[in-house]
Amino acid sequence: MNLQVYPSSSSLPLGLVQDEASPGWLNKGDNAWQLTATCFVGLQSVPGLVILYGSMVKKKWAVNSAFMALYAFAAALLCWVLWAHRMSFGVYDSHLVGKPVTSLSNVFLLRQIDGGGPMLPNADYVFYEFAFAAITVILLAGSLLGRMNFYAWMLFVPLWLTFSYTVGAFTIWGNGFLHNKIIDYAGGYVIHLSSGVAGFTAAYWVGPRHSHDREHFPPNNIIQILGGAGFLWLGWTGFNGGSPLSAGLITSLAVINTHVCTATSLLVWLALDMAVYRKSSVIGAVQGMITGLVCITPGAGLVDPWAAVLMGVMSGSIPWYTMMVLHRKSAFFQSVDDTLGVFHTHAVAGVLGGLLSGLFARPKLLRLMYGTDIFGLHSKGQFHRALRQTGHQLLGAAFITAWNAVVTTIICLVISRIVNLRMDEEDLEVGDDAVHGEEAYALWGDGETMPKPRRFRLPLICQHRLVSTPV
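Since we're looking at a predicted model, the values are computed, not measured. (Residues numbered from 1 in each chain as written. Predicted model: local features only at pLDDT ≥ 70, side-chain atom pairs only at ≥ 80, totals over all residues. Heavy atoms only, no water.)

## Let's talk about the overall build of the chain
The criterion, for reference: Each helix is a run of DSSP H or I of at least 4 residues and each strand a run of E of at least 2, with the numbering of both proceeding from the N terminus. Note on exposure labels: buried denotes an accessible area under 20% of the residue type's maximum, exposed denotes more than 50%, and partly exposed covers the range between, all computed with a 1.4 Å probe on protein chains only. Whether two residues are in contact is decided by their heavy atoms: any pair within 4.5 Å suffices. With residues, only the protein chains shown are counted as cover, and all accessible areas are computed by Shrake-Rupley using a 1.4 Å probe.
In terms of helices and strands, the chain carries 18 helices and zero strands. Taken over 471 residues, the chain has a buried fraction of 53%. Across the chain, the fraction of contacts at a sequence separation of at least 24, relative to all contacts at a separation of at least 6, is 77%. About 21,800 Å² of surface is accessible on the chain, with carbon and sulfur atoms providing 66% of the total.

What follows is the structure, given as structure tokens:
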């Protein structure tokens, strides 16, 4: 009689042996990918958006713009681990937001993610979602560059993250009232629509740039713009590839869809620039790249590659029209100084991606991602159900838009009672040197403070002794 012998845990390779540091629920492959994906997302902000913002603005605002992004990254991390993560993803009997509970306990960080699905520790999830929260508030900053008081920005970041971002994340990704109703694979609504709407709203309350800056605002380094854009594009591999919380089939599809849509969008935007303006704008190509990345995000792992191409065509054309044509003709858009056009590249592209994801999401891919057909998109009658899902997507977009507009307004009004939202006119004329006492480049003559002449002054006691006494 032949007896089949099963290998014991001691006969496994050392890397697969279970012990206290590697419990049975931990998948080392998924864990390694998730940490890598988180690094990709973090690099989108630091150095990606730091370089991009510091290069896209006028030279005198390079330091301030880059530092707004760096500060937001640091401040968001502390807010996230101290209270915001559990407000966004805690398991609570609430429809709008969770409780502000710290996420720094070892007991919490080193146990498996709640729900028993992802074979990862909470530490991975906390840091991954922090990278999403940080880039959201940094994207928002793109609407405010070149005039917001830095002290006001220091207050704005924790307040907006607490009262606006956490609500969007909880309602759609957590256990809120839009959970399992809205298709938002990696943040078309939670991140891009919210940042676009909040940035546009805050730009209204902060006010416009200096009149000369608004009329003449050339980028200070186009080569570095391409470098920052490169970090953003390749970093999106982790942005969309990390959302399944595993290195599975959906991850692979999401990555290829992301890059296909982005390349298509860039080329369409470039073609429109060349057809209308007879020039191939580098900055225009970067804008087309960004709209492609944003548009595919809500459905990256849930649509077929042909749909990703179609989404790229639409993300390269519709936001181009709203930014390059509608914005210039509309008194409403002209009344708000959105420095980098974040409303068009993120809000418009985010809504577009959300609606198209509701229309093109495949039932099989939804089941692979979520385990069950929670959205009711079956093979038979799929188009009818897809239209109904698109209706749900519209309702979700309306809620995110309204919430961010109202809450951002309240935050700006509260901060304005403490410090000025906008810099003084004199500081706006000078720029970085007035705000930080530092300049980006060793060049002189672009509005910097004039160096004051040094004068030799005698100590007061010497002046007293040199005063002649009357005879």
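Moving on from the coordinates now.
## Topic: the nonpolar core
To be explicit about the condition: Among buried residues, the Ala, Val, Leu, Ile, Met, Phe, Trp, Tyr and Cys ones that are joined through side-chain atoms within 4.5 Å form a nonpolar core.
Core analysis: the biggest nonpolar cluster contains 100 residues, and Tyr53, Trp153, Phe156 and Tyr165 have the highest contact counts within it. Looking at this core, the element that brings in the most residues is helix α4 (residues 122-141), giving 14 residues. Every residue in contact with Tyr165, bar those within four places of it in the chain, is listed here: Trp80, Phe132, Ala133, Thr136, Trp160, Trp173, Val190 and Ile191. Grouped together as the second largest cluster of nonpolar side chains are 22 residues, Cys295, Val303, Phe360 and Met369 included.

## Digging into the packing of aromatic side chains
Test applied: For Phe, Tyr and Trp, rings pair up if their centres lie within 6.5 Å, where Trp contributes its six-membered ring, and each pair is then called stacked (planes under 30 degrees apart), edge-to-face (over 60) or tilted (otherwise).
Overall, the coordinates contain 24 aromatic pairs when judged by the stated rule. Pairing Phe132 with Phe239 gives two aromatic rings, centres 4.5 Å apart and planes at 10°, and the pair type is stacked. Of this pair, Phe132 sits in helix α4 while Phe239 sits in helix α8 (residues 222-241), placing them 107 residues apart in sequence. Here the two residues Phe132 and Phe239 agree in accessibility, since each one is buried.

## Quick notes on the pattern of salt bridges
Filter applied, for reference: We define a salt bridge as a contact between a side-chain nitrogen of Lys or Arg and a carboxyl oxygen of Asp or Glu at a distance within 4 Å.
Taken as a whole and judged by the stated rule, the model has seven salt bridges. Between Asp213 and Lys58 there is a salt bridge, and its shortest N-O distance comes to 3.1 Å. Separated by 155 residues along the polypeptide, Asp213 in helix α7 (residues 211-215) and Lys58 in the loop between α1 (28-56) and α2 (62-89) bring together distant segments of the chain. Judged by relative accessible area, which is 0%, Asp213 ranks as buried.

## Comments concerning the confidence of the model for the chain
So the rule is basically this: A residue's pLDDT is the predictor's confidence in that residue, given on a scale from 0 to 100.
Looking at the chain, the pLDDT average stands at 89 and 87% of residues meet or exceed 70. Every residue in residues 1-8 is under pLDDT 50, and counting partners more than four places away or in other chains gives zero contacts. Across residues 458-471, confidence stays below pLDDT 50; counting only partners more than four residues off in sequence or on other chains, it has two contacts.

## Here's the deal with unusual backbone geometry
Here the bond from Val46 into Pro47 is cis, since omega is 20°, no more than 30 degrees from zero. If you trace the backbone, Pro47 turns up in helix α1. Residues other than glycine seldom take positive phi values, yet Asn180 does so here, at roughly 65°. Within the secondary structure, Asn180 is located in the loop between α5 (150-172) and α6 (188-206).

## Quick look at the side chain of His192
Looking at the element boundaries, His192 is found in helix α6. Classification of His192 as buried rests on a relative accessible area of 0%. With residues near it in sequence (within four places) discarded, His192 still touches Leu139, Gly187, Trp236, Phe239, Val294, Thr297, His346 and Ala347.

## Here's the deal with a nonpolar patch on the surface
The cut-off we apply is this: Here the term patch refers to residues with relative accessible area over 30% and no salt bridge, with like charges joined within 9 Å and nonpolar side chains (Val, Leu, Ile, Met, Phe, Trp, Tyr) within 5 Å.
Judged by side-chain polarity, Leu155, Val406, Ile410, Val414 and Ile418 come together as a nonpolar surface patch covering roughly 430 Å² of accessible area. Here the element with the most residues in the nonpolar patch is helix α15 (residues 382-416); it accounts for three residues. Inspection of the secondary structure assignment puts Ile410 in helix α15. Residue Ile410 is classed as partly exposed on the basis of its relative accessible area of 47%.

## Regarding the environment of Lys99
Structurally, Lys99 is set in the loop between α2 and α3 (106-109). Here the alpha-carbon distance between Lys99 and His85, two residues 14 residues apart in the chain, equals 9.3 Å. Not counting chain neighbours up to four residues away, the residues in contact with Lys99 comprise Trp83, Arg86, Met87 and Tyr92.

## Some words on helix α10 (residues 282-296)
How we decide: For a helix, the expected span equals 1.5 Å multiplied by the number of residues minus one. In the analysis that follows, any N or O atom pair within 3.5 Å is treated as a polar contact, provided that within protein one partner can donate a hydrogen and the other can accept it, and provided that, for residues neighboring in sequence, both atoms belong to side chains.
Along its 15 residues, α10 runs 22 Å from first to last C-alpha, staying within 8% of the 21 Å computed at 1.5 Å per residue. Across the 15 residues that make up α10, a large majority, 13, are buried. Measuring from the side-chain oxygen of the N-cap residue of α10 to the backbone nitrogen of Ile283 gives 3.4 Å; that N-cap residue is Ser281.

## Brief notes about the environment of Gly98
As for its placement among the helices and strands, Gly98 is situated in the loop between α2 and α3. The buried category is assigned to Gly98, whose relative accessible area is 9%. Distance in space between the C-alpha atoms of Gly98 and Met87 is 3.8 Å, their sequence separation being eleven residues.

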